[in-house]
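# Survey of secondary and tertiary structure
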Amino acid sequence: MAGFSWERWERWEGVGSGGSGVKGTRGAGVASTVSSGVLRDRITTILWDVGGTLVDWATDAEDSLVCACRDCGLEPGLLEPEVVRQARREYELDEPGWRTAEDERAGHQRHAAALLRGKDVRAEDVARFGDRLLDYFDAYSPVSGIPELLWELSRAGVRQGVVSNWPPSLAAFLGHHHLAGHFGTIVCSADLGVLKPDPAPFLCALDKLESTPNQTVFIGNDPLLDIAPARALGMQTIHFDPRREHVERQATNIIDLRRLLQSFT
Ligand SMILES: [Mg+2]
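In this text, all values refer to a predicted model and were calculated from it rather than measured experimentally. (Residues numbered from 1 in each chain as written. Predicted model: local features only at pLDDT ≥ 70, side-chain atom pairs only at ≥ 80, totals over all residues.)

### Examining the overall build of the protein
Definition in use: Strands here are runs of E lasting at least two residues and helices are runs of H or I lasting at least four, both read from the DSSP assignment and numbered beginning at the N terminus. Here exposure depends only on C-beta density: within 10 Å of a residue's C-beta, 20 or more other C-beta atoms make it buried, 12 or fewer make it exposed, and intermediate numbers make it partly exposed, the C-beta atoms being placed from the backbone. Two residues qualify as being in contact provided that their C-beta atoms, derived from the backbone, are within 7 Å of each other.
When helices and strands are counted, the protein shows eleven helices and nine strands. Every one of the 265 residues in the protein was classed for burial, and the buried ones make up 34%. By sequence separation, contacts in the protein at least 24 residues apart represent 62% of the contacts at least 6 residues apart.

In structure tokens form, the structure reads like this:
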């Protein structure tokens, strides 16, 4: 794996100019750098998308449901494909409305009931299945190389935050995967009640980090939800697409992502 350039990060943050050894001090100045002939403010901040960027599925959705059934003593054959698809459509309409942990729990209960609709299953078993669906954290794992990169960026004093369309459990989810500590702010759609590409969650994260768009790089996997709105706000962007879903992507692995990040120094 390509090594990460500490020196360049440190130069990026102007570390050492005061000899304090304190990296990335806020308000350290508005110095600009000349890059590719364009004068621009120094990049001090990275905002990240979550799903498909920082983390990806560890198991496919179908396997996760089968596993959840078995954990609850339910026969996976109860899950009929067409019923599962309909339940998923209902879930996708329901989820953006979850604003609190209790909303999220109730939503998973509704999802469990929809998955088992028409089946002879006791109410307490449906409820247990719903609680098991709420326990989704291990259905994901960090994208290869991301934990190390976040750690290095934190060490270099780069301000980092998250802007994600995600239910209220996002902070706990990132904590479960030992990622949360790197972020000065974790903004999820549930916080504001609006989804990306609305600019509100991006602006909220910038405000919390006391950063401006021209100091910021946004890294995300979705061209419409991440890249377009971040650019419209004046941020630099990196289209990181480890799922390889979009032909216009700029990077699919951590080596190329690191190379692109270093191009901003
Ligand atoms: Mg995403």
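### Examining unusual backbone geometry
The linkage connecting Lys196 with the following residue, Pro197, adopts the cis geometry, with an omega of 20 degrees. By the element assignment, Pro197 lies in the loop between helix H8 (189–192) and helix H9 (199–209). Positive phi is not limited to glycine here, since Glu210 has a value of about 55 degrees. Tracing the backbone through its elements, the reader meets Glu210 in the loop between H9 and strand S8 (216–220). Positive phi is not limited to glycine here, since Arg244 has a value of about 55 degrees. The topology assignment puts Arg244 in the loop between strand S9 (236–239) and helix H11 (254–262).

### Details of the sheet that holds S8
Here is the rule: One bridge is not enough; two strands pair if DSSP finds at least two bridges between them. Under this scheme, a helix contributes an axis fitted over its contacting stretch, all axes are lines through C-alpha atoms, and angles between N-to-C directions fall in the 0 to 180 degree range.
Strand order in the open sheet made by the five strands is S7-S6-S3-S8-S9, with parallel pairing throughout. The open sheet has two edge strands with one neighbour each: strand S7 (185–188) and S9. Taken pair by pair, the neighbouring strands of this sheet meet at an average axis angle of 20 degrees, ignoring direction. In terms of strand pairing, strand S3 (residues 45–48) meets S8 through four bridges, oriented parallel. From the neighbouring strand, Leu47 faces S8, where its bridge partner is Phe218. Against the sheet, helix H10 (residues 223–232) engages S8 and S9, with an angle of about 160 degrees to S9.

### Regarding helix H6 (residues 146–155)
Keep this limit in mind: In this description, one arc is meant: the one made by directions from the helix axis to the C-beta atoms.
Of the positions making up H6, those classed as buried are Ile146, Leu149 and Leu150. Angular distribution of buried residues about the axis of H6 spans 100 degrees; they occupy a single face of the element. Residues of H6 that are buried in the fold lie against strand S5 (140–142), strand S6 (159–164) and H11. Of the residues flanking the end of H6, it is Gly157, one or two places downstream, whose phi is positive at about 85 degrees.

### Observations concerning the pairing of S7
For the record, the criterion: With the strands pointing away from the viewer, any crossover whose connection runs clockwise from the first strand over the helix to the second is right-handed.
Sheet analysis places S6 next to S7, joined by four bridges and oriented parallel. Bridging from a neighbouring strand, Val162 pairs with Ile186 of S7. Taking the sense of rotation as the criterion, the β-α-β connection linking S6, helix H7 (residues 170–176) and S7 turns out right-handed.

### Quick notes on the environment of Asp125
By secondary structure assignment, the location of Asp125 is in helix H5 (residues 123–134). Look past the residues within four positions of Asp125 in its chain and what remains in contact with it is Cys72 and Leu74.

### Quick look at the packing of helix H4 (residues 101–115) against H5
Convention followed: To sort the angles, those under 35 degrees are grouped as roughly parallel, those over 145 as roughly antiparallel, those from 65 to 115 as roughly perpendicular, and the leftovers as oblique. Should the near helix be turned anticlockwise from the far one by less than a right angle, the crossing is left-handed, and should it be turned clockwise, the crossing is right-handed. Residue polarity follows a fixed list, in which Ala, Val, Leu, Ile, Met, Phe, Trp, Tyr, Cys and Pro are nonpolar, Asp, Glu, Lys and Arg are charged, and the others, Gly among them, are polar.
Packing of H4 against H5 brings their axes to within 8 Å, and their N-to-C directions diverge by 125 degrees. In terms of axis orientation, H4 runs oblique to H5. The two elements H4 and H5 cross, and the hand of that crossing is right-handed. Across the interface between the two elements, Glu104, Arg105, His108, Gln109, His111, Ala112 and Ala113 from H4 touch Val126, Ala127, Phe129, Gly130, Leu133 and Leu134 from H5. Split into classes, the residues belonging to the contact of H4 with H5 amount to seven nonpolar, four polar and two charged.

### What to know about the pairing of S9
Where S8 lies against S9, four bridges are found, and the strand directions are parallel. Bridge pairing links Val217 to Gln236 in S9. At this point the chain moves from S8, through H10, to the parallel S9, and the crossover so formed is right-handed.

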